[in-house]
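# Descriptive structure summary
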2 protein chains.
Amino acid sequence: MTDSTVVPLQALKVSCSNCTLRELCLPLGLNREEMTRLDAVIRQSRRLKRGEALFRSGEGFKSLYAVRTGFFKTCISSQDGREQVTGFHMSGELMGLDGISANVHGCNAVALEDSEVCELPFSRMQNLALEIPSLQHHFYRLMSREIVRDHNVMMLLGNMKAEERLAAFLINLSQRLTVRGFASNDFILRMSREEIGSFLGLKLETVSRTLSKFQQQGWIAVDHKHIQLVQPEQLKQLVAGCANAHPTPNH
Amino acid sequence: MTDSTVVPLQALKVSCSNCTLRELCLPLGLNREEMTRLDAVIRQSRRLKRGEALFRSGEGFKSLYAVRTGFFKTCISSQDGREQVTGFHMSGELMGLDGISANVHGCNAVALEDSEVCELPFSRMQNLALEIPSLQHHFYRLMSREIVRDHNVMMLLGNMKAEERLAAFLINLSQRLTVRGFASNDFILRMSREEIGSFLGLKLETVSRTLSKFQQQGWIAVDHKHIQLVQPEQLKQLVAGCANAHPTPNH
DNA sequence: CGCGTGATTGAGGGGATTCAAATGTTGTGG
DNA sequence: CCACAACATTTGAATCCCCTCAATCACGCG
């Protein structure tokens, strides 16, 4: 049970300076003064319930959003209704970068659990970036990182088998949880089998079967959405061959 | 036979102001004075022969490159040698954006025919962007456009069948040729069947078979690398259903 | 408690791959 | 300029991986 109504809105005013995600998110590399100026641009956070859309494809683009807490998917859909999940997003990650190009959001962003985001009005961000070179630079890097990530997804979709895709998916989740200080070998999936499948270019039955296969081999333990990586080395080994030969170092 | 040695290097000094690709490339939206300042940053163009690499994954990142003439592929490879073509690039298109994130190139860029590129030293670009807001903005838009493109490729790789992928590929090529003033229904493929397959997540045999199928149906005429779109409407119809429901408007 | 949604598992089918051979093309050196 | 080698493409046949269709099961929620 959430109790957001009890908290006065002022309390939701966020500041990068105090944020635990400082080292993951946009403010990385800024000094105190610069961060204070960034604080002034960031709107108070917005709360979303599970299933709620943060923005939808085709809507006017005004802001980027950083995940504070919770979990999101972004997806695009075709005219005949096929859906492609383009990413899953956890705390500290930016959404909406694809909206800059045409000033219109290019995907749907949907909360997969009750979540909270920081809103970054893009035009103000842009102006600030003109005055703070390291912000401009970091922002270029964030966009570039998204491009690198997308290219790795292309490799996954274009060259990898079902088992490799799923192993890569689990290892990737695990690593991102580690960075955020969560247990990396014991977690709850926020998305359905169908959403995993949509991201990985597989059908939900194939996802389910492959998870079962991993479990039979003793590599993982599956209890519905609760996943434990029992032998993560085995998964890593499965992914080793098909992983990018020149992985992008982080920072 | 190329005769680049006959041309003095000075003659290769390029300028955005006079460039026919002005409206497609980086300078879009700049005024005369701003464009002159951009000219000062852009290094003289570099010529590459067919098969030559412009840069390679892992090399230090210093510059972006804009295609002046010719045709490129960019690709990443996995540790066990699988290759994923991440894109094909023609005149006016930028390469190297994925290198910004880690200051290291994230892919190989290889000329598929004798080509010429403009070099854009990134740090100087960055400084200029601080002084010319519209340049900064346009650059964000270019990076965002790359992200949108990548998401559409994910849709292609994740949801489309072989025929749909190839039709989408041909229509996309055709449209990009149109914008550049080339014949849009009669062109020479610069890449091999294998490279097309690598981009589309298919094997070269499947590409070949599918082209033959299109030809049998009278939709295209295939003579090795020479392709004619006889009934492009048929191809478009095949792609219509699986196309992005909210296509990004250009500019 | 019963319903609906999501997940699992099985059987069968199909689209793309793999293996293979033949043909055509391009580039090189004599 | 031709001959030859190396490479690219086409096409066929057989296989396999994943998908489709379907039934069952488990859980959560009113």
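If you look chain A up in an unreviewed UniProt entry, it shows as CRP/FNR family transcriptional regulator, anaerobic regulatory protein from Pseudogulbenkiania subflava DSM 22618.

## Let's talk about the overall build of chain A
Scanning chain A from N- to C-terminus turns up 7 helices and 11 strands. Taken over the C-alpha trace, chain A has a radius of gyration of 19 Å; the compact-globule value for 251 residues is 18 Å, and the two agree within 12%. Residues counted as buried form 54% of the 251 residues belonging to chain A. Measuring between centres, the 29 positive side-chain charges of chain A sit 1 Å from its 26 negative side-chain charges.

## Focus on the protein's contact with DNA strand D
The environment of DNA strand D is formed by 17 residues, the closest being A:A162, A:T206, B:R193, B:S208 and B:S212. For DNA strand D, the backbone makes up 65% of the atoms found within 4 Å of the protein, where backbone means sugar plus phosphate. At 2.8 Å from a phosphate oxygen of DNA strand D is found a main-chain nitrogen or oxygen belonging to A:A162. When contributions to the surface near DNA strand D are tallied by element, the ones reaching two or more residues are α6 (204-216) of chain A together with α6 (204-216) of chain B. With 5 residues, α6(B) is the largest single contributor of residues to the surface near DNA strand D.

## A few points about the protein's contact with DNA strand C
For DNA strand C, the set of nearby residues contains 19 residues, the closest of which are A:R193, A:S208, A:R209, A:S212 and B:T206. Sugar plus phosphate, as a fraction of atoms of DNA strand C within 4 Å of the protein: 67%. B:R50 places a side-chain nitrogen or oxygen 3.1 Å from a phosphate oxygen of DNA strand C. Elements with a minimum of two residues in the surface near DNA strand C: α6 of chain A together with α6 of chain B. Examining the composition of the surface near DNA strand C, we find that 5 residues originate from one element, α6(A), more than from any other.

## Points about helix α2 (residues 122-131) of chain A
Within α2(A) the residues assigned to the buried category are A:F122, A:M125, A:Q126, A:L128 and A:A129. One face of α2(A) carries all of its buried residues, which in axial projection span an arc of 165°.

## A few points about the pairing of strand β4 (residues 72-77) of chain B
Residues and elements named next belong to chain B. Burial analysis of β4 places 5 of its 6 residues in the buried class, the great majority of the element. With 6 bridges joining them, β4 and strand β5 (residues 83-89) adopt antiparallel strand pairing. Bridge pairing in β5 places F72 opposite H89. Following β4, the chain reverses through 5 residues before pairing antiparallel with β5; G81 in that reversal takes a positive phi of roughly 95°. With 4 bridges connecting them, β4 and strand β7 (residues 108-111) associate as antiparallel partners. Note on β7: the bridge partner recorded for T74 is A109.

## Focus on the UniProt feature "domain: HTH crp-type" (unreviewed entry) in chain A
Taking the numbering used here, the UniProt-annotated feature "domain: HTH crp-type" (unreviewed entry) corresponds to residues 160-233 of chain A. With 55% helix and 15% strand, residues 160-233 of chain A has end C-alpha atoms that lie 18 Å from one another.

## As for the domain arrangement of chain A
All names here are of chain A. Partitioning chain A into structural domains gives domain 1 (4-132) and domain 2 (160-240). Of note, the centres of domain 1 and domain 2, computed from C-alpha atoms alone, are 26 Å apart. Of the residues lining the interface, 15 residues belong to domain 1; the matching set on domain 2 comes to 12 residues. Looking at the side of domain 1 facing domain 2, the largest losses of area belong to L24, F88 and M90, adding up to 43% of the total buried there. In this assembly, domain 1 and domain 2 are joined by 4 salt bridges. Remark: the boundary between domain 1 and domain 2 carries 9 residue pairs in polar contact (both at pLDDT 80 or more). Considering each element in turn, the side of domain 1 that touches domain 2 owes the most residues, 7 residues, to strand β5 (residues 83-89). Split into classes, the residues belonging to the side of domain 1 that touches domain 2 amount to 6 nonpolar, 5 polar and 4 charged.

## Points about the sheet that holds strand β9 (residues 186-188) of chain A
Residues and elements named next belong to chain A. Spatially, the 3 strands line up as an open sheet ordered β9-β11-β10, and their pairing is antiparallel. Sheet topology places β9 and β10 (220-223) at the edges, where each strand pairs with a single neighbour. Going from strand to strand, the sheet's axes swing by 15° on average, the running direction of each strand aside. Bridge count between β10 and strand β11 (residues 226-229): 4 bridges; the pairing is antiparallel. If you follow I220 over to β11, its bridge partner there is L229.

## Here we look at the sheet that holds β4(B)
Residue and element names in this part refer to chain B. Overall, antiparallel pairing links the 4 strands, which are arranged β2-β7-β4-β5 in an open sheet. Across the chains shown, the open sheet's two edge strands, defined by having one partner strand only, are β2 (53-55) and β5. Averaged over all adjacent pairs, the angle separating strand axes in this sheet is 30°, with direction ignored. Across 2 bridges, the pairing between β2 and β7 is antiparallel. For A53, the partnering residue across the bridge sits in β7 and is V110.

## A short note on the packing of aromatic side chains
Throughout the structure, instances matching the rule amount to 21 aromatic pairs over all chains. Centre to centre, the rings of A:Y140 and B:F122 are 5.8 Å apart; their planes meet at 70°, and the pair counts as edge-to-face. Taken together, the residues A:Y140 in helix α3 (residues 133-159) and B:F122 in helix α2 (residues 122-131) connect one chain to another. For B:F122, a relative accessible area of 5% corresponds to the buried category. Grouping aromatic residues by their ring pairs yields a cluster made of A:F61, A:F122, A:F139, A:Y140, B:F61, B:F122, B:F139 and B:Y140.

Criteria and cut-off values
Residues numbered from 1 in each chain as written. Chains lettered and ligands numbered in written order. Predicted model: local features only at pLDDT ≥ 70, side-chain atom pairs only at ≥ 80, totals over all residues. Heavy atoms only, no water. Helix = DSSP H or I, 4+ residues; strand = E, 2+ residues; numbered from the N terminus. Rg over C-alpha atoms; globule rule 2.2 N^0.38 Å. Buried < 20%, exposed > 50% of the residue type's maximum accessible area, 1.4 Å probe, protein only. Lys, Arg positive; Asp, Glu negative; His and termini not counted. Charge placed at Lys NZ, Arg CZ, Asp CG, Glu CD. Near = heavy atom within 4 Å. Polar contact = N/O pair within 3.5 Å; in protein donor to acceptor, adjacent residues only side chain to side chain. Arc of directions from axis to C-beta. Pairing = 2+ DSSP bridges. UniProt positions renumbered as here; feature names shortened; annotations may be inferred. Domains from an automatic or database assignment. Contact = heavy atoms within 4.5 Å. Buried area = accessible area lost by both parts, 1.4 Å probe. Salt bridge = Lys/Arg side-chain N within 4 Å of Asp/Glu carboxyl O. Nonpolar A, V, L, I, M, F, W, Y, C, P; charged D, E, K, R; others polar. Axes fitted to C-alpha atoms, helices over the stretch in contact; angles between N-to-C directions. Phe/Tyr/Trp six-rings, centres within 6.5 Å; stacked < 30°, edge-to-face > 60°.

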